[in-house]
Amino acid sequence: MADAGCSQTWGDWPYPVNSLRSDSLGEDGNGPETAADTMAAIGQERPLRFAIAKPKTEFAASIEGRKDRIWVSGQFVKPAGTAPGHNGASDAFSLFYTTLMSSNILTFTCVGADALKLSTLHDHLQIAVGKFADQWPAPLQVCFDDWEKPFLTSASLRGETLRFVVDSSSGDELEKAHIQALHDAGATHIRVRIWYGQVGETRTLHYQGGKKVAAKAFPAPTLTEEEQLLELLLEGKEAAFAKAIKGGAPKDALVDGAPLLVHAAKASLGKAVSALLNAGADVIACLAWVDEIAGAIQRHGGKAAPALLRTLVEAPQADPSALWRSANVLLVLCEYPELLALLASREGVDVNAQIRWAHKGQLEGSLLFNSRFLFDNRPGVLAVLEALGARSVPPPTMSDQRRLERMYFQERDADTIAELVAAGVDLDTPLWDHRPISLLRNLFRHPTMGCRPLTLANELLASGASAAFWMEPDAFQDEVLKGLFDTDNLAWITDATLSDERRFVPQRDANLVANFIGGLLARGLDANMTVRLCVEKLSSKGRGAAGSYKSLHWRGPLLGAVALLLCGRGTEMRSICLPLVELLLSHGANPDTEGELLDAMMNETNWVVHLRGDWTIEAWRDHAATGTVLERLRQRQAQDPDEVDAVLIASMERTVASAR
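Residues numbered from 1 in each chain as written. Predicted model: local features only at pLDDT ≥ 70, side-chain atom pairs only at ≥ 80, totals over all residues. Heavy atoms only, no water.

J.: Describe the overall build of the chain, with residues and values.
T.: Counting its regular elements, the chain contains 28 helices and 18 strands. In the chain, which comprises 660 residues, the proportion classed as buried is 54%. Here the contacts in the chain between residues at least 6 apart in sequence split such that 69% fall between residues at least 24 apart. Accessible surface computed for the chain: about 27800 Å², of which carbon and sulfur atoms make up 51%. (Helix = DSSP H or I, 4+ residues; strand = E, 2+ residues; numbered from the N terminus. Buried < 20%, exposed > 50% of the residue type's maximum accessible area, 1.4 Å probe, protein only. Contact = heavy atoms within 4.5 Å. Areas by Shrake-Rupley, 256 points an atom, 1.4 Å probe, with all protein chains shown as cover.)

J.: Pulling in residues and values, what's your account of the packing of helix H21 (residues 473–485) against helix H23 (residues 511–522)?
T.: With their axes 11 Å apart at the nearest point, H21 and H23 run at an angle of 160 degrees to one another. In terms of axis orientation, H21 runs roughly antiparallel to H23. Crossing angle aside, the handedness with which H21 passes H23 is left-handed. Of the residues in H23, those touching H21 at Phe 476, Val 480, Leu 484 and Phe 485 are Val 513, Phe 516, Ile 517 and Leu 520. Considering only residue class, the contact of H21 with H23 consists of eight nonpolar, no polar and no charged. (Axes fitted to C-alpha atoms, helices over the stretch in contact; angles between N-to-C directions. Parallel < 35°, antiparallel > 145°, perpendicular 65-115°, else oblique. Left-handed = near helix turned anticlockwise from the far one by under 90°. Nonpolar A, V, L, I, M, F, W, Y, C, P; charged D, E, K, R; others polar.)

J.: Break down the side chain of Asp 645 for me, with residues and values.
T.: Inspection of the secondary structure puts Asp 645 in helix H28 (residues 643–659). The class for Asp 645 is buried, based on a relative accessible area of 2%. Each residue touching Asp 645, except ones within four places of it in the same chain, is listed here: Arg 569, Arg 574, Leu 633 and Gln 637.

J.: Requested: an account of the pattern of salt bridges, with residues and values cited.
T.: In this structure the tally under the stated criterion is 22 salt bridges. Between Arg 441 and Glu 479 there is a salt bridge, and its shortest N-O distance comes to 2.6 Å. Within this pair, whereas Arg 441 is found in helix H19 (residues 439–443), its partner Glu 479 is found in helix H21, the two being separated by 38 residues in sequence. In this structure, the salt-bridge partner of Arg 569 is Asp 640, at a minimum N-O distance of 3.7 Å. (Salt bridge = Lys/Arg side-chain N within 4 Å of Asp/Glu carboxyl O.)

J.: With reference to specific residues and values, describe the side chain of Asn 606.
T.: Residue position: Asn 606 is located in strand E17 (residues 605–611). For Asn 606, a relative accessible area of 0% translates into the label buried. Of note is the side chain of Asn 606, whose polar atom sits 3.2 Å from the backbone oxygen of Glu 604. (Polar contact = N/O pair within 3.5 Å; in protein donor to acceptor, adjacent residues only side chain to side chain.)

J.: Please give an account of the environment of Pro 430 that cites residues and values.
T.: Relative to the elements of secondary structure, Pro 430 occurs in the loop between helix H18 (417–422) and H19. Separated by 26 residues in the primary sequence, Pro 430 and Leu 404 place their C-alpha atoms 9.5 Å from one another.

J.: Talk me through the confidence of the model for the chain; I want residue IDs and the actual numbers.
T.: Scored by pLDDT, the chain has a mean of 81; 81% of the residues are at 70 or more. The secondary-structure element of the chain with the lowest mean pLDDT is helix H1 (residues 35–42), recorded at 31, while helix H14 (residues 337–344) shows the highest, at 98. Long-range and interchain partners of residues 1–101, a stretch whose pLDDT sits below 50, account for 278 contacts in this model, where long-range means more than four residues apart. (pLDDT = per-residue confidence, 0-100.)

J.: Provide a residue-level description of the pairing of strand E10 (residues 201–208), including the pertinent values.
T.: Looking at chain direction, strand E9 (residues 189–196) and E10 are connected through eight bridges and run antiparallel. The residue bridging Val 192 from the neighbouring strand is Leu 205, located in E10. In this structure, E10 lies alongside strand E11 (residues 211–212), joined through two bridges in antiparallel fashion. Within E11, the residue paired with Tyr 207 across the bridge is Lys 212. (Pairing = 2+ DSSP bridges.)

J.: I'd love a proper account of the environment of Val 165, names of residues and values included.
T.: With respect to the helices and strands, Val 165 occurs in strand E8 (residues 161–168). Note on Val 165: relative accessible area 8%, which makes it buried. Residues Val 165 and Thr 109, 56 residues apart in the sequence, show an inter-C-alpha distance of 8.8 Å. The residues contacting Val 165, other than those within four sequence positions of it, are Ile 105, Leu 106, Thr 107, Phe 151, Leu 152, Thr 153 and Ser 154.

J.: So what's going on with unusual backbone geometry? Residues and values would help.
T.: The backbone of Ser 268 shows a phi angle near 55 degrees, a positive value even though the residue is not glycine. For Ser 268, the location among the structural elements is in the loop between helix H8 (260–266) and helix H9 (270–278). Positive phi outside glycine occurs at Asp 413, with the angle close to 60 degrees. As for its position among the elements, Asp 413 is in the loop between helix H17 (400–408) and H18.

Encoded structure:
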């Protein structure tokens, strides 16, 4: 953060977010209707689910305290609901969330009298459906060449009406040039419905002759009953669609080459999917789109979901080996081990076959190889696979990115850092396609959630991973100092039980912090760096600042921030005060550098750090306004002797004497 005054960042959540989508909006357009809708919104490729052993009410209260926002692997997300954990225990549950930094979905409706031109444009669009812009025909690439990575979802032409849907980056703007290009291609009237994923809002624009016009100027296209139903889906009018289906509208209508159920599933319209399934829509007719509808059935099929999925698995028309090779299908069937076993029993199925995610070309390894992600190593699924003789088979090739991610998430048969280095893997490979960041930098955004992230960070530093991004003072203060010392940053999960790693306990594990700072100093971190901190005492409730304790605004050397505040008297990091000070001194920190304690820092960026400890108000405020680090320590020692400070003073005095 870089706001004037005291700035603050949210804590990270260290779980996978590789393909976030947020398509699932309620009828008011303000957000997901249910947790299941949100799971649909997270994406067909790599949806996220994680469990926390903590009472739901307590966790819900802590989420509320976070203003409904947390920071997940490089972006803000909004928690949207919970569901019971797989073990059925009341204190285990899964959190679902939707991203706040998402794509824009643009639905273009073009009307024109020049049938030849519209047909030509439609031909180009048909070639581009299901592809990113770099695979589009040249005329389309030219039209959208200034957008980051647009993806064409669908295209249809009915008479004089052409419609297509583009999924673009939230940073892509609709410009006059785009509209003019469509006019030149034969569209006399253009309607663009834009859903802004970043804010969850929809806007509709109308154009004629290159200029914006009123909605009433847009000619109403002539539609069949089936096309009217699709129009309702495209406009997100689920209630009206569900009412029409319940009233007898054709539930199995084929529009734009696909059944209505497929259109509803692709648009993540839960109520529409439920309406169709309740009306008895033919799921067999949707087998060609099984990657989309399997998940939709699971989320919105209710009690009928297992039976409907069984229908797909047993269908004579289905290719059982193809079903097993679909990671999207397996993700769903792993929720029903008996259905997974049923599919495995069909002729032609190889339980060790390479699987793929829909719309992604690369092989991902066998189901067992992906056990951590696809079914979190649940015993029921593992028992089925063991009985089938399944093996953990890696893909033929894996990118450095994928190998690093597998190590990070402790997936089955993942490499250690030493093994990755020996294999020539670049430890600085950017992870998270949607917002690239190195593994080291990502790890350090949540070090106190457990010992493993800090342990990995130290291993990465020792193995040569770059830390150049932290040599700049603002980045170091924002990410490292706050990440290590701001107890409020992660206070909302202070009592959470971590399933597979040891909790970070300052009195026991603080040396991990000292080792990390030492590694940065060895890489060239400026030991005499001037820092600007707004230090506050954490309240007794574990959230926010204690109101009766004033903020301490420190502008001065890092050495003073460590010795006097971050690891000062009474703090939970006191045990590493001496090791950290010795490290700073050995790398050239000057104890005779002055620092200031101000009432406030106006028009300056500074970073809020909440400290946990036991101080009286007088002890908290017992700091001189000005003075060198050594002078301040001597002053406090004269007033109230302290063993650690005595050693600090002696060490600093030796450093000063040797420099003369």
